[in-house]
Amino acid sequence: GTSDMWDFPVARQVCTGSGIIPVDQHDGRPALKAAREAIRNGECVLIYPEGDVKINAEASPRDFRPGAAGLAKAGDVTVVPIAQHDSRKLGNGSVLRSIVMAFAAVFRRPKIEMRVGTPVLPAALADLTHPEVNTLLEERLRLTWRAIPK
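Residues numbered from 1 in each chain as written. Predicted model: local features only at pLDDT ≥ 70, side-chain atom pairs only at ≥ 80, totals over all residues. Heavy atoms only, no water.

*Asks:* Explanation requested: the overall build of the protein in the structure shown.
*Replies:* Of regular secondary structure, the protein possesses six helices and two strands. For the protein, the residues scored as buried account for 27% of the 150 residues in total. Across the protein, every contact between residues at least 6 apart in sequence was considered, and the portion connecting residues at least 24 apart equals 63%. Carbon and sulfur atoms provide 58% of the accessible area of the protein, an area that totals close to 9700 Å². (Helix = DSSP H or I, 4+ residues; strand = E, 2+ residues; numbered from the N terminus. Buried < 20%, exposed > 50% of the residue type's maximum accessible area, 1.4 Å probe, protein only. Contact = heavy atoms within 4.5 Å. Areas by Shrake-Rupley, 256 points an atom, 1.4 Å probe, with all protein chains shown as cover.)

*Asks:* Mind showing me how you'd approach the side chain of N134 here?
*Replies:* The topology assignment puts N134 in helix α6 (residues 130-146). Excluding anything up to four places from it in sequence, N134 contacts F64, R65, P66 and A69.

*Asks:* How do you make sense of the pattern of salt bridges when you look at a structure like this?
*Replies:* Any two side chains of opposite charge can pair, on the condition that their charged atoms come close. By the definition in use, this model includes four salt bridges. In this structure, R40 engages E37 in a salt bridge whose closest nitrogen and oxygen atoms are separated by 2.9 Å. Residue R40 and its partner E37 are located together in helix α2 (residues 29-40), separated by three residues, close to a single helical turn. With a relative accessible area of 36%, E37 lands in the partly exposed category. R115 is paired through a salt bridge with E113; the nearest N and O atoms lie 3.8 Å apart. Accessibility expressed as a relative area gives 30% for R115, which makes it partly exposed. (Salt bridge = Lys/Arg side-chain N within 4 Å of Asp/Glu carboxyl O.)

*Asks:* Is there a simple way to think about the environment of V100 in this case?
*Replies:* The topology assignment puts V100 in helix α4 (residues 95-108). Here V100 falls in the exposed class, since its relative accessible area comes to 51%. Once the C-alpha coordinates of V100 and A11 are considered, the two residues, 89 residues apart in sequence, prove to be 9.8 Å apart.

*Asks:* Would you explain the nonpolar core in this entry?
*Replies:* Side chains that are nonpolar tend, in soluble globular proteins, to be buried together. With 12 residues, the main nonpolar core is built from F64, A69, A72, A83, V120, L125, V133, L136, L137, L141, W145 and I148. Contributing elements (two or more residues each) for this core: α3 (67-75) and α6. Looking at this core, the element that brings in the most residues is α6, giving five residues. If we ignore the near neighbours within four places in the chain, the residues touching L137 are F64, A68, A69, A72, V79 and V120. (Core = buried A, V, L, I, M, F, W, Y, C linked by side-chain atoms within 4.5 Å.)

*Asks:* Any chance you could explain a nonpolar patch on the surface here in plain terms?
*Replies:* On the surface, L46, Y48, V80, I82, M114 and V116 cluster together into a nonpolar patch covering about 610 Å² of accessible area. Looking at the element boundaries, L46 is found in the loop between α2 and α3. (Patch = residues over 30% accessible without salt bridge, like charges linked within 9 Å, V, L, I, M, F, W, Y side chains within 5 Å.)

Laid out in structure tokens, this is it:
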């Protein structure tokens, strides 16, 4: 989660208690190190490979940053693409606004569509370069996202 979340006391407690890894948008290396450690410990790691929470006009996946591909290559893990549509109903705008909207969503119960795509097995990544892994994972997420009825 964006490290800005730790600036708000309630959000900090939720994030820390949930095991969310803080990600500094200017230096993601500590977050990648923590994610690799979590994988070594047998934990699942959910990552937003676009690297931020900004949303384009159609809310489609944007170009990936290289961290997710590096994590997939280094971790010898299965990658499961999970796409969501219209998470803007949970929160958008500033971090504070998003936090308030997310807590209010408990009462509004907005409908958010999600799809789980075809897993990408470690063997499919073994002979690929880092940029090729990035492209493959990005394509798989886009295919999964397109399958969501809008």
